[in-house]
Number of protein chains: 2
Amino acid sequence: MLKTIRIILFVNILFAGCLSLQAGTINAKDYIRGEDATPGIYEAIKQCKLSGARRLVFPPGKYEFRPDYATEKYIFISNNDGSLKRFAFDLSGMNDFEIDGQGSQFVFHGFISPFLMENTRNIKLRNFSIDYTRTFHSEGKIMEVYNDSIDVHFTSSYPYRVEHQVLTFTDDEKRLYPWMSLLEFDPVKRETAYKAVDYWCGPNAPVKELEPGVVRVYVPGIRATKGNVMVFGASHRLVPAFCVLSSENLEFSHIDMYHCGGMGIIAQMSKNISINHVNTTPAPGSGRVVSLTADATHFSNCSGYIRITDCLFENQKDDATNIHGLYARIDRILSPNEIIVQMVHPQQAGIDFILPQKSMEFVDAASLVTYAENEVASTEKINKEFTKVTFRRPLPAEIKLKDGIASADAYPEVLIKNCRIRGNRARGILLGSRAKTVIEDNYFHTPGAAILLEGDCRFWFEQAGVRNLIVRRNTFDNCYFGTWGNAVIQVASGMDEDKKPLSRYNRNILIENNRFKTFCPEILNVYAVDKLTFKNNTIEKTSDYPYPVNPAEPFVVAHSSNVNIEPLD
Amino acid sequence: MLKTIRIILFVNILFAGCLSLQAGTINAKDYIRGEDATPGIYEAIKQCKLSGARRLVFPPGKYEFRPDYATEKYIFISNNDGSLKRFAFDLSGMNDFEIDGQGSQFVFHGFISPFLMENTRNIKLRNFSIDYTRTFHSEGKIMEVYNDSIDVHFTSSYPYRVEHQVLTFTDDEKRLYPWMSLLEFDPVKRETAYKAVDYWCGPNAPVKELEPGVVRVYVPGIRATKGNVMVFGASHRLVPAFCVLSSENLEFSHIDMYHCGGMGIIAQMSKNISINHVNTTPAPGSGRVVSLTADATHFSNCSGYIRITDCLFENQKDDATNIHGLYARIDRILSPNEIIVQMVHPQQAGIDFILPQKSMEFVDAASLVTYAENEVASTEKINKEFTKVTFRRPLPAEIKLKDGIASADAYPEVLIKNCRIRGNRARGILLGSRAKTVIEDNYFHTPGAAILLEGDCRFWFEQAGVRNLIVRRNTFDNCYFGTWGNAVIQVASGMDEDKKPLSRYNRNILIENNRFKTFCPEILNVYAVDKLTFKNNTIEKTSDYPYPVNPAEPFVVAHSSNVNIEPLD
């Protein structure tokens, strides 16, 4: 009997093997019927799984994806908004698989995310672009500027209605695109307007429609320039482009991310991610000043390596990347080895990064000083916010409520090389991995800090603190022309002022052989750092932007040790 | 070795058995620490499961339930809004279990549903009340009435803020309570104002705060009476009191449902439900005119029996009950035995009532005529809206897109007896079960039809059509003083006018020995009925409300067969 089973199993394996070889590549076109590619791609992926095909290939062309027949899952994904999301490509659970768009355009309609990859291994995605028929944000040309109001003109790309003085964006299928904030862009320079600020005026800022397409928006204290573009920012991050959860060995290459309603590539608890020749940019010919509505890439609690090379990240409405862990806040101490922790930030709720056998650090919330480590024995999830955690060993004596715990297990080695980062909102790259991090040969033209070392256990709850950071051979071209930050390279880790002398949250930083072209003096602003060397960098003064009114010193260093800043030319 | 394991197993079973006998009853108080009962009840229920205790008992008192540590599940529940919900009592998977509140008050804070019962068997709930510290709707006294606006006064029970002429309800913990509509109540008669209508003005109807607590609300064409109460209706039904899914043998008794943010008892795909001495009424002393924000009870695709006896259903913001199945709309025909169906109504999405081995009827959407039956072989859920269904036998020749399929498998026997239904919004009871339905010895004082036979495959997608309905010995006391319906007993099944002659959607109706006290002539208005007998009823004319301006005939019968209306006194 047992023998028979073994033989059947063996034959099955052989047969699957043959199928896999025969049907190594599936042509997406063979499965698509009609205008909407979504159901066809669902069937094609199913067939890939059944046959063991290793590749799904698209003949070059334009493919439209509607949400109606898309796969649906409730997804909690870091720094985006958790929700019941629809996905065109759900590759969850797949291994050793490649999708080649061969230059195709993937165009999405409404609230559908292109890719979900949960528990996937060895996946390659390449050669396609991602865009949407209607953007999740809206852009209007500034026609007039008054005291506390502006007149904005919307083209037919941004359908809207005004009811009871309230502005609601919509599309030709009656979907709503809620908005929350305003930010001004310079359409000639293709970047945020000089020193522009976010107006978090909310969706109920009173408006008046002056004529079809022209709306007066009232915002106290608003400043703007006629001819610029006012961007009405999406209220939520519900529709990221690539959602990566608990996956390993992923390669993204030659992908153009023109738009999505959230982050471009967001990966959490994943390992070994390579992003090469991925461009974040507004769709050519779209006339848009904004590409994605949030960060181009973002990594939470990842490990192995993150390699971002030869990429363009421009005009997205947040940073080019942010690499960090998560802090869970200690909410209750139940016993000598049990606590309840809370995921405080709503966009981190539901992410179960605390797992049995993982090592956790205990962190003082005010100083970000790690005072203990312990191994997780078991967890019991109460809801998306609260989890009961039992540790193998007794809790540290210093433990107190509102401190944080975070992964002490593994951090990703980071390489960011040959990338261009420009014209987006806010900062360039936020670095928080404790493994070796190399930033080299990049070009930065960012309105905020080009490189930011952040992390806090109070507001964003992002675990950071570099331990081995090399920043070399980059060009910083007139960075910090906006309002996000205080220098081109900056520490902004959240800690109490009186705790900074105790903390050395960022360590071992080498900044060398970079070129700073700058209209403003603020190059470096750091605190709570141990060992920072700034050497062999060149600084070229420009007059490309107005000189700041009350500039800070070029190098501000506080509460730090072993800082070595070489004399400048 | 095997023997040892067997002995250990046996001893374990013995031990568990002893525990279960010893600990047959668990005292909730033993588990509650501090003000918030939620974590304690979670532990108590866990302990009940572990020990096999059959009863959880509350010493009489007031218990507060906060959402923070509550169990969380994504729930699709019929005719309420699907969402990630928190529950104080999650009894899912439990059998043979009773909760006795012994007269306790259960008071809930914010967005937390009291009870979830999914896949439960033999559960008894008794002797407690349910209320909320802040209601999901808001009530304001009408201070002045102008052309197109009213001034409303809110007590501190209904915190709000006005920003940019937009009214937002809140509470003392900064939660938001979105609103959507207005409905006027008469606080003296404790019912909807005479012929009051719903104003679906939306949450952005412009307002102006005149002084703290007094707000002017602008609604074109609004009519209201000074001194009455304007109810600002909750925009969604997110927080039902009792969510019952796929469960069997449930008894609710001696429960006061003072408030919740959705339906009171909502049961789907469940069997044998008994509701006895359950009162839906505004909390005593609260000064509220509204109890629950939606139907008091509601049943979708249930079977076995539904018995509602000795209950009071008053002042809820929708019907006292509605018993129906669901129609899924045929969206695509894929092969001779495969279709894709859509759950069209957003509040029915995600409910998987189409299951293998179940028998389905095929229904013409325009006439509601059933033209075939077939058995489900398998299903493949695409997302909450769409499901692929494979049938055992070929599809009927008559099948066409946009027709419906619904359960032809089992319908619940219904008994509604000795209940009082009054003062609520809309109708009394909506009856749609095809099994024997007896409505006897009840008192109705409803602003809409007291008894409504509805069902349609176009808008609400509720399968109905009685086959054996007895309405006897009820008192209909001045019903239809509002605007929902056209007679005291009414058919309003949704079908095309030209199809009504073909349809006999409701059948075998006996209305006898009832007492109609009525200010208006409209007693009965039916169509597409086969066999209706109206006999031995008494009608007493009153002048309790103004006589209608253009009354219909007392008995309107169209497109029906075998209708026998006995001469009246």
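Residues numbered from 1 in each chain as written. Chains lettered and ligands numbered in written order. Predicted model: local features only at pLDDT ≥ 70, side-chain atom pairs only at ≥ 80, totals over all residues. Heavy atoms only, no water.

*Asks:* What is the right way to read the interface of chain B and chain A from this model?
*Replies:* Accessible area lost during the coming together of the parts is what is often quoted as the interface size. Between chain B and chain A, the contact holds 29 residues from the first and 29 residues from the second. For the pair chain B and chain A, the two sides together bury roughly 2400 Å², of which 50% comes from carbon and sulfur. For Arg86 of chain A, the salt bridge goes to Glu385 of chain B, with nearest N and O atoms at 2.8 Å. Linking chain B with chain A are 17 residue pairs in polar contact (both at pLDDT 80 or more). For the side of chain B that touches chain A, the secondary-structure elements that each account for two or more residues are α2 (38-51), β4 (71-75), β5 (83-90) and β26 (328-335) of chain B. When the residues that make up the side of chain B that touches chain A are grouped by side-chain class, the tally is 15 nonpolar, five polar and nine charged. (Contact = heavy atoms within 4.5 Å. Buried area = accessible area lost by both parts, 1.4 Å probe. Salt bridge = Lys/Arg side-chain N within 4 Å of Asp/Glu carboxyl O. Polar contact = N/O pair within 3.5 Å; in protein donor to acceptor, adjacent residues only side chain to side chain. Helix = DSSP H or I, 4+ residues; strand = E, 2+ residues; numbered from the N terminus. Nonpolar A, V, L, I, M, F, W, Y, C, P; charged D, E, K, R; others polar.)

*Asks:* What exactly am I supposed to notice about empty space enclosed by the protein here?
*Replies:* Here the idea is plain: a probe the size of a water molecule rolls over the atoms and shows the empty space left. Residue and element names in this part refer to chain A. Going through the model one piece at a time under the given rule, you end up with four cavities of 30 Å³ or more. Estimated volume of the largest cavity: approximately 80 Å³. Along the walls of the largest cavity sit Val341, Gln342, Met343, Gly350, Ile351, Asp352, Phe353, Ile354, Lys384, Glu385, Phe386 and Thr387, which together make up its complete lining. Elements supplying a minimum of two residues to the lining of the largest cavity: β27 (338-342) and β30 (386-391). Residues belonging to the lining of the largest cavity are distributed by class as follows: six nonpolar, three polar and three charged. Counted as a void, the second largest cavity has a volume near 60 Å³. Taken together, Asn301, Cys302, Ile323, His324, Gly325, Ser407, Ala410, Tyr411, Pro412, Gly432, Ser433 and Gln463 form the lining of the second largest cavity. Looking at the lining of the second largest cavity element by element, the count peaks at three residues for strand β25 (residues 321-326). Of the residues that constitute the lining of the second largest cavity, the class distribution is five nonpolar, seven polar and no charged. (1 Å grid on protein atoms, 1.4 Å probe; cavity = no way out; pocket = protein on both sides within 12 Å on 5 of 7 lines; lining within 4 Å. Points joined across faces, edges and corners; volume = space filled by probe spheres on them.)

*Asks:* Looking at this model, I keep getting lost on the pattern of salt bridges. Mind explaining?
*Replies:* Opposite charge on two side chains lets them pair, provided their charged atoms get close. Inspection of the entire model under this criterion finds 85 salt bridges over all chains. Between Lys46 of chain B and Glu380 of chain A there is a salt bridge whose closest N-O contact spans 3.1 Å. With one member in each of two chains, Lys46 of chain B in helix α2 and Glu380 of chain A in strand β29 (residues 370-381) form a pair that bridges those chains. The class of Lys46 of chain B is partly exposed, set by a relative accessible area of 27%. The salt bridge partner of Arg458 of chain A is Asp496 of chain A, with a shortest N-O separation of 2.9 Å. Taken together, the residues Arg458 of chain A in the loop between β37 (451-453) and β38 (462-463) and Asp496 of chain A in the loop between β41 (489-491) and β42 (506-512) connect sequence positions 38 residues apart. Residue Arg458 of chain A is classed as partly exposed on the basis of its relative accessible area of 43%. Several salt bridges share partner residues, and in doing so they unite Arg66, Asp68, Asp171, Glu173 and Arg175 of chain A into one network. (Buried < 20%, exposed > 50% of the residue type's maximum accessible area, 1.4 Å probe, protein only.)

*Asks:* Help me understand the packing of aromatic side chains, please; the structure alone is not making it clear to me.
*Replies:* Given two aromatic rings, their pairing is described by the distance between the two centres and the angle made by the two planes. Here the structure, examined in full by the defined rule, presents 77 aromatic pairs over all chains. On the basis of an interplanar angle of 25° and a centroid distance of 5.5 Å, the ring pair of Phe89 of chain A and Phe106 of chain A is categorised as stacked. Taken together, the residues span a long stretch of sequence, with Phe89 of chain A in strand β5 (residues 83-90) and Phe106 of chain A in strand β6 (residues 95-108) at a distance of 17 residues. Residue Phe89 of chain A is classed as buried on the basis of its relative accessible area of 0%. Centroid distance Phe362 of chain B to Phe391 of chain B: 5.1 Å. Interplanar angle 50°. Geometry classified as tilted. Taken together, the positions of Phe362 of chain B in strand β28 (residues 359-363) and Phe391 of chain B in strand β30 (residues 386-391) put the pair 29 residues apart, joining distant regions of the chain. When its relative accessible area of 1% is taken as the criterion, Phe391 of chain B is described as buried. It is Lys195 of chain A that lies over the ring of Tyr480 of chain A; its NZ or CZ is 4.1 Å from the centre. Across from the ring centre of Tyr527 of chain B, 3.8 Å away, lies the NZ or CZ of Lys500 of chain B, which sits over that ring. (Phe/Tyr/Trp six-rings, centres within 6.5 Å; stacked < 30°, edge-to-face > 60°. Lys NZ or Arg CZ within 6 Å of the ring centre and 35° of its normal.)

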